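Residue-level structure breakdown
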Amino acid sequence: MRMSIALRKEDSRPVLVTGGCGFIGCNIVSALAARGTRVLVIDNLSRAGVQENAHWLKARHGERVDIRTADIRDAEAVTDAVARVSAVLHLAGQVAVTSSLESPTQDFEVNARGTLNVLEAVRLANPGAPVIFASTNKVYGRLFTDADIVRAGERYAPADARFAPGLSEATALDFYSPYGCSKGTADQYVHDYARVFGLRTVVLRMSCIYGNRQFGTEDQGWLAHFLLQAIRGAPITLYGDGLQVRDALHVSDAVAAWIGALDRIDDVAGRVFNLGGGPDNSLSLLEFLDLIAELRGSAPTIRFDRWRPGDQPWYVSDISAVSRALDWRPRVSPREGVRLLDRWLESRFGGAADVLQRDEMHA
Ligand SMILES: NC(=O)c1ccc[n+]([C@@H]2O[C@H](COP(=O)([O-])OP(=O)(O)OC[C@H]3O[C@@H](n4cnc5c(N)ncnc54)[C@H](O)[C@@H]3O)[C@@H](O)[C@H]2O)c1
């Protein structure tokens, strides 16, 4: 496997991470800085809690991480940042299906227009820079009708056993919900700019990423949200019946794939990959609640509500393409990853230890 040595060893310009104060973004920024790479972050800090991630990054990495408050809808600010970097990791976005239903125009402006701003800035100001984009499994739509799905214990499974290895990148696109449409539009632009303009782009269609520094809410980041509700002793609402299945990927594994794609850009430019935990790391919502009960010694209180639009009854990524291309595989099991996340959430939100965490952050 050829490594892009030039990018790592000789290019002293920083790597740009849009949305670098967000959950996945700050974990990527921290990993890059830890290996000596300078990082430029642009983030409008609109996600609740991410200001803390900014403090955490500065406390850990100081001058190596330059954080600028900017909006990806501001084409001038984006171009200014893109012009001075060696590569662009584009994660800034409107991240919730629910918010996209409330404000489709804003969702479009941030996810579709904002991504076009990034691509145009690269095309016009820095065409050699690799671009890696945070896409989503939502570009595949709902995927299964009720008739295509069977119940197997506490989870759904596809009736057709050919889906057992997960959904591959050849799955038909079927944007569903404004969020699915805006991310799908961006996904296709990023892919097409490789074909039409020769940009060195990679699309990573991520499923359920979870881990430390995730400020999960009911709208996005369900795994962290469920755990946090359990820590607070508050009820958890399951939209649907809880049998829906996701493949969970710990953020440290996601970060390894992002950095792997950057390091191997000469091999993977122009490609699209599904990035998730795969069949071995899949779990239903009810199974996750069982895991929480086991971990915390008591079952959380749950209540049920109606399915949300476009919710997939079963989504598991086929990760064979990304595994082969990047010589990568998930290393952290949901059991271990959830234990780590529980510890972090407990230290951050669980009482006295919260104070310690904040002191440490500002040290
Ligand atoms: N977390 C997941 O499981 C998952 C799955 C699939 C795709 N994704 C995608 O990955 C990316 C990162 O997700 P995350 O979970 O870290 O979310 P996050 O909300 O923690 O991070 C997104 C960051 O983007 C910033 N941002 C939002 N709008 C912006 C704007 N207009 N200009 C500049 N910055 C802006 C936010 O302040 C935040 O820091 C998103 O694009 C999301 O759609 C995430």
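These remarks concern the structure in this document. (Residues numbered from 1 in each chain as written. Predicted model: local features only at pLDDT ≥ 70, side-chain atom pairs only at ≥ 80, totals over all residues. Heavy atoms only, no water.)

With that settled, consider the pairing of strand β6 (residues 149-152). The side chains of a regular strand alternate, first on one face of the sheet and then on the other. Pairing analysis gives four bridges linking β6 to strand β7 (residues 155-158), with the strands arranged antiparallel. Along β7, the bridge assignment pairs valine 150 with alanine 157. Taken together, β6 and the strand that follows it, β7, pair antiparallel across an intervening segment of two residues, in which glycine 153 is found at a positive phi of about 65°. (Pairing = 2+ DSSP bridges. Helix = DSSP H or I, 4+ residues; strand = E, 2+ residues; numbered from the N terminus.)

Okay, the pairing of strand β1 (residues 15-18) next. In β1, alternate side chains face the same way, and those of Val15 and Val17 on one face and Leu16 and Thr18 on the other are all buried. The pairing of β1 with strand β2 (residues 39-43) spans four bridges and is parallel. Of the residues in β2, the one forming a bridge with leucine 16 is leucine 40. In this view, the connection linking β1 to its parallel neighbour β2 by way of helix α2 (residues 23-34) has right-handed handedness. As defined by bridge partners, β1 adjoins strand β4 (residues 87-90) across four bridges and the pair is classed as parallel. Looking at β4, one finds that threonine 18 is bridged to histidine 90. (Buried < 20%, exposed > 50% of the residue type's maximum accessible area, 1.4 Å probe, protein only. Right-handed = clockwise from strand over helix to strand, strands pointing away.)

Once that is clear, we can look at the site of the ligand. In the vicinity of the ligand there are 30 residues, among which Phe23, Ile24, Asp43, Leu91 and Lys183 approach most closely. A distance of 2.8 Å separates an oxygen atom of the ligand from a polar atom in the backbone of phenylalanine 23. Isoleucine 72 is positioned with one of its backbone polar atoms (N or O) 3.0 Å from a nitrogen atom of the ligand. In isolation the ligand has 820 Å² of accessible area, and contact with the protein removes 95% of it. Counting residues per element, the ones that place at least two in the shell around the ligand are α2, β5 (131-136), α7 (177-197) and β9 (208-210). (Near = heavy atom within 4 Å. Polar contact = N/O pair within 3.5 Å; in protein donor to acceptor, adjacent residues only side chain to side chain. Areas by Shrake-Rupley, 256 points an atom, 1.4 Å probe, with all protein chains shown as cover.)

Running from amino to carboxyl end, α2 crosses helix α9 (residues 251-263) at an angle of 60°, the nearest separation of the two axes being 9 Å. It follows from the interaxial angle that α2 and α9 lie oblique. Like other packed secondary-structure pairs, α2 and α9 cross with a definite hand, here right-handed. Taking contact as the criterion, the partners of Phe23, Ile24, Asn27, Ile28, Ala31 and Leu32 in α2 are, on α9, Val251, Val255, Trp258, Ile259 and Leu262. Its residues assigned to classes, the contact of α2 with α9 comprises 10 nonpolar, one polar and no charged. (Axes fitted to C-alpha atoms, helices over the stretch in contact; angles between N-to-C directions. Parallel < 35°, antiparallel > 145°, perpendicular 65-115°, else oblique. Left-handed = near helix turned anticlockwise from the far one by under 90°. Contact = heavy atoms within 4.5 Å. Nonpolar A, V, L, I, M, F, W, Y, C, P; charged D, E, K, R; others polar.)

Next up on the list: the sheet that holds strand β3 (residues 65-69). Across the sheet, which stays open at both edges, the seven strands sit in the order β3-β2-β1-β4-β5-β8-β12 with parallel pairing between neighbours. Both edges of this open sheet fall to β3 and β12 (272-275), since each of them pairs with a single strand only. Put simply, the sheet's adjacent strands are angled 20° from each other on average, direction ignored. Inspection of the sheet shows β2 paired to β3 by five bridges, in the parallel sense. Residue pairing for β3: valine 41 is matched across the bridge by isoleucine 67. Along the sheet, helix α6 (residues 104-125) contacts β4 and β5; its crossing angle with β4, the most-contacted strand, is approximately 175°.

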